[in-house]
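Examination of the molecular architecture
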Amino acid sequence: MKHTQFIAAIVAVAGLAGATAALAQSGPGHHGPKVSFEELDADGNGAVSPEEMTAHRAARFAQVDANGDGKLSIEEMQAEGARRAAQRAARMMERFDSDGDGALSQDELPDHSKRGDMFSRMDKDGNGAVSKEEFDQARMNRGGMHHGGKGGKNCGQKQGMGQN
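What counts and how
- Residues numbered from 1 in each chain as written.
- Predicted model: local features only at pLDDT ≥ 70, side-chain atom pairs only at ≥ 80, totals over all residues.
- Heavy atoms only, no water.
- Helix = DSSP H or I, 4+ residues; strand = E, 2+ residues; numbered from the N terminus.
- Areas by Shrake-Rupley, 256 points an atom, 1.4 Å probe, with all protein chains shown as cover.
- Salt bridge = Lys/Arg side-chain N within 4 Å of Asp/Glu carboxyl O.
- Buried < 20%, exposed > 50% of the residue type's maximum accessible area, 1.4 Å probe, protein only.
- Polar contact = N/O pair within 3.5 Å; in protein donor to acceptor, adjacent residues only side chain to side chain.
- pLDDT = per-residue confidence, 0-100.
- Contact = heavy atoms within 4.5 Å.
- Expected span 1.5 Å × (residues − 1).

Further remarks concern the overall build of the protein. A tally of regular secondary structure across the protein gives seven helices and zero strands. Secondary structure elements in the protein, listed N-terminal to C-terminal, are α-α-α-α-α-α-α. Accessible surface computed for the protein: about 11,900 Å², of which carbon and sulfur atoms make up 56%.

See the structure below:
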């Protein structure tokens, strides 16, 4: 049961990210679908023109615009997000399910400790506790300017960190 809930949570989070990524396919700071050079170079001349980039983006938009009305509804974005989330979850399962049981245990999940201890990074003064100021600073860095947001006092809410 815990495994099912864990996978469902991964799919839900990835789905939310995928829905917005469907809109952000090209452009600075966006993490849309990975596209090969050959896909972009539609005429095969060894160079990608602005027109080819625009055409590729329009084709991706049309793919998500299931009813062809030239607009993306919430349902269309959710469907695209769910499709992409399912792909990501399948790749994650394939990559990390070392015992092949079709579920991921905590031991099979990637070890993020290599990136450094989050608590230590937040505890700027090294006193063994995180103050409200340190917490707010970490939140701003995580959800604000670092991730393309505007930063500031309420940036965490804008980036899905919400209020308690």
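Having seen the model, we can carry on.
Scanning the entire structure with this criterion turns up three salt bridges. For R60, the salt bridge identified is with E80, shortest N-O distance 3.2 Å. Placement of the pair is R60 in helix α3 (residues 50-64) and E80 in helix α4 (residues 74-96), with a sequence separation of 20 residues. The partner of D136 in a salt bridge is K132, with the nearest N and O atoms 3.0 Å apart. One end of the pair is D136 and the other is K132, both in helix α6 (residues 132-143) and four residues apart, which spans about a single turn. Residues joined in a network through salt bridges with shared partners are R60, E80 and R83.

What follows is about the environment of D125. Following the sequence through the fold, D125 ends up in the loop between α5 (118-122) and α6. Residue classification places D125 among the exposed positions, given a relative accessible area of 52%. A distance of 3.2 Å separates a polar side-chain atom of D125 from the backbone nitrogen of N127.

Per-residue confidence for the protein gives a mean pLDDT of 75, with 63% of residues at or over 70. A low-confidence stretch, residues 11-31 stays under pLDDT 50, and its non-local contacts, those more than four residues away or across chains, total 33 contacts.

A few words now on α4. The terminal C-alpha atoms of α4 lie 32 Å apart, and with 23 residues this matches the ideal 33 Å at 1.5 Å per residue to within 8%. Taken residue by residue, α4 has E76, M77, E80, G81, R84, A85, A89, M93 and F96 as its buried positions.

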